[in-house]
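Summary of the model geometry
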Amino acid sequence: MPELPEVETVRKGLEKLVLKATIESVEVYWDRIISGPIETAEFKRILMGEKIMEFDRRGKYIIIRFNQWALVSHLRMEGKYEVEESAAPLKKHTHVVFHLADGRDLRYLDVRKFGRMTLVPIGEEFTATGIRLLGPEPMVETFDKAIFYRTLQTKKRAIKPLLLDQKIVAGLGNIYVDEALFLAKIHPLRTANSLQKIEVSKLHEAIIKVLGDAVEAGGTTIRTYQNALGEAGSFQVNLSVYGKKGLPCVRCGTPIEKIKVAQRGTHFCPMCQRLSVD
DNA sequence: AAACTGACCTGTCGGC
DNA sequence: TGCCGACAGGTCAGTT
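Residues numbered from 1 in each chain as written. Chains lettered and ligands numbered in written order. Predicted model: local features only at pLDDT ≥ 70, side-chain atom pairs only at ≥ 80, totals over all residues. Heavy atoms only, no water.

A look at the environment of L275
- Position of L275 among the secondary structure elements: in the segment after β11 (264–268).
- With 68 residues separating them along the chain, L275 and I207 place their C-alpha atoms 20 Å apart.
- The contacts of L275, once residues within four sequence positions are left out, are H187, L189 and R190. (Helix = DSSP H or I, 4+ residues; strand = E, 2+ residues; numbered from the N terminus. Contact = heavy atoms within 4.5 Å.)

Remarks on the domain arrangement of chain A
- Taken domain by domain, chain A holds domain 1 (4–132) and domain 2 (145–268).
- If you average the C-alpha positions of domain 1 and of domain 2, the two centres end up 28 Å apart.
- Taking both sides of the interface into account, the surface hidden between domain 1 and domain 2 amounts to around 1500 Å²; carbon and sulfur atoms contribute 62%.
- On the domain 1 side of the contact with domain 2, P5, E6 and K60 bury the most area, a combined 30% of that side's loss.
- At the boundary of domain 1 with domain 2, the tally comes to zero salt bridges. (Domains from an automatic or database assignment. Buried area = accessible area lost by both parts, 1.4 Å probe. Salt bridge = Lys/Arg side-chain N within 4 Å of Asp/Glu carboxyl O.)

Points about the packing of helix α5 (residues 174–183) against helix α6 (residues 197–217)
- Here α5 crosses α6 at 130°, and the two axes come no closer than 8 Å. By the angle class used here, α5 and α6 are oblique. The way α5 lies across α6 gives a crossing that is right-handed. Listed contacts from α6 to Y176, E179, A180, L181 and L183 of α5 are L203, A206, I207, K209, V210, L211 and A214.
- Counted by class, the contact of α5 with α6 contains 10 nonpolar, no polar and two charged residues. (Axes fitted to C-alpha atoms, helices over the stretch in contact; angles between N-to-C directions. Parallel < 35°, antiparallel > 145°, perpendicular 65-115°, else oblique. Left-handed = near helix turned anticlockwise from the far one by under 90°. Nonpolar A, V, L, I, M, F, W, Y, C, P; charged D, E, K, R; others polar.)

Here's the deal with the protein's contact with DNA strand B
- In the vicinity of DNA strand B, the residues found are W30, R32, K92, H93, V111, R112, K113, F114, K155, K156 and R157.
- For DNA strand B, the backbone portion of the atoms within 4 Å of the protein, that is sugar and phosphate, comes to 70%.
- K92 is positioned with one of its side-chain polar atoms (N or O) 3.0 Å from a phosphate oxygen of DNA strand B.
- In this structure, a sugar or linking oxygen belonging to DNA strand B sits 3.4 Å away from a main-chain N or O atom of V111.
- Per-class residue counts for the surface near DNA strand B are three nonpolar, one polar and seven charged. (Near = heavy atom within 4 Å. Polar contact = N/O pair within 3.5 Å; in protein donor to acceptor, adjacent residues only side chain to side chain.)

Some details on the sheet that holds strand β4 (residues 61–65)
- On the basis of which strands lie adjacent, the open sheet formed by five strands has the order β2-β9-β5-β4-β3 and mixed pairing. In this open sheet, the two edge strands, each paired with only one partner strand, are β2 (34–35) and β3 (54–58).
- Relative to β4, β3 is paired through five bridges, and the arrangement is antiparallel. In the strand pairing of β4, F55 is matched with I64.
- Its contacts with the sheet put helix α1 (residues 4–18) on β3 and β4, and the angle it makes with β3 is roughly 175°.
- Contacting β2, β5 (69–74) and β9 (116–121), helix α2 (residues 40–47) crosses the sheet at an angle of about 60° to β9. (Pairing = 2+ DSSP bridges.)

Structure below.
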């Protein structure tokens, strides 16, 4: 489900529902969800009695801080959290259950089992996990346009797979890359080093706008799940190209095309986003 | 070093 | 109806 805006929405939801809650015990039903040097038995033992002090986020990672420990959680494709009464029956695909002292559970569900959570001593959450490899957060204050331009100049790859690389800028995924490239009028197959300064500038602004607007709207839901945190979903972002194959471009009316780029479904307007000037 | 390729998983959808 | 391949919002290890 999640790119940065969806993860941020989940973070807010968790904060609202279970901040300051105390974990009484933990059940793990699929071992590989728990990753890193601390394995499952130790994971369960450590978290017993811990109080949730803070929900943070970096890129697509959620960071749950306790007093001495931090739990770094990545939802990958379909991970989600739910809060339920402990008595409620477990749904299919429930892999980790945190029993809270107040009679509720915080539950982690993940159909494809791609998600991971890693427990680290507090202070090591930015260094002992994949977070250490992340590029800047996509905000005006943190995402430097000149550095972005210089980085792109050194890369020969197509721009789309490059933007999916979290080392360049953190938080974009398949939906918002397509949306940002559309907004900046750049074809997904353009090589990074072929982009003019003005184009990189537009792309930089588009990335910040697309993700910022989506955070404000509470994320996007493509497939519909019910009950999951972060999918309160009264408002949704308006997507321009993602999932719009064959529909008229909102700018020029030309049918949106879908191609495959770096193994990923890729949507664009063939009129607004030209590969070459002809 | 940069850049592809499969692997990790389960469910759904479209075509024959 | 049933089967079978393609596809799904993401990384990561292994290879050229």
